[in-house]
Amino acid sequence: QVQLEGSGGGLVQAGGSLRLSCTASGIIFSYNIMGWYRQAPGKQRELVATITSVSGTNYADSVKGRFTISRVTAKNTVYLQMNSLKPEDTAVYYCYLSNGGRQNYWGQGTQVTVSS
């Protein structure tokens, strides 16, 4: 059984920083993609950033230059450093795992609120 355990998030003023982390447990295939999606009220879930097990990264245009995704592959842990936060970054952030391209998993979600 694969599980994703996330931490981080909270309330921050515009311009501030937060760091999210997420660890996957269970049977994790050597090739996988981990990352973060987010969902704001009344909107669809959208990609924030992903990183492969060989450290290839992909970012939403809206976060490029402000967010950095990284991982410790040996620990199946992914991090999202969020800088220069804006009110429009307010959302529930979901950790994501594509396990060997066979099955996708989601974390429970963590709230990020950016006040203006």
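Source: prediction; values computed, not measured.

## Details of the pattern of salt bridges
Using the criterion set out here, one finds four salt bridges in the structure. Measuring nitrogen to oxygen at the nearest pair gives 3.0 Å for the salt bridge that ties Arg38 to Asp89. A residue pair is termed long-range when its members are at least 10 positions apart, and Arg38 in strand β4 (residues 32–39) and Asp89 in the loop between β8 (77–82) and β9 (91–99) qualify at 51 residues. On the basis of relative accessibility, which here comes to 5%, the residue Arg38 falls in the buried class. Judged by relative accessible area, which is 1%, Asp89 ranks as buried.

## Observations regarding the state of the cysteines
Scanning the entire structure with this criterion turns up one disulfide. The partner cysteine of Cys22 in its disulfide is Cys95, sulfur to sulfur 2.0 Å. Taking the sign of the S-S torsion, about -90 degrees here, the bridge from Cys22 to Cys95 comes out left-handed. You can see Cys22 sitting in strand β3 (residues 18–25) and its partner Cys95 sitting in strand β9, a full 73 residues away along the chain.

## Describing the pairing of β8
Of all the six residues making up β8, five are buried; the element is thus mostly covered by neighbouring parts of the structure. Across six bridges, the pairing between β3 and β8 is antiparallel. Counterpart to Ser21 in the pairing with β8 is Tyr79. The pairing of strand β7 (residues 67–72) with β8 spans six bridges and is antiparallel. Looking across to β8, one finds that Phe67 is bridged to Met82.

Reading guide: rules and limits
- Residues numbered from 1 in each chain as written.
- Predicted model: local features only at pLDDT ≥ 70, side-chain atom pairs only at ≥ 80, totals over all residues.
- Heavy atoms only, no water.
- Salt bridge = Lys/Arg side-chain N within 4 Å of Asp/Glu carboxyl O.
- Helix = DSSP H or I, 4+ residues; strand = E, 2+ residues; numbered from the N terminus.
- Buried < 20%, exposed > 50% of the residue type's maximum accessible area, 1.4 Å probe, protein only.
- Disulfide = S-S within 2.5 Å.
- Pairing = 2+ DSSP bridges.

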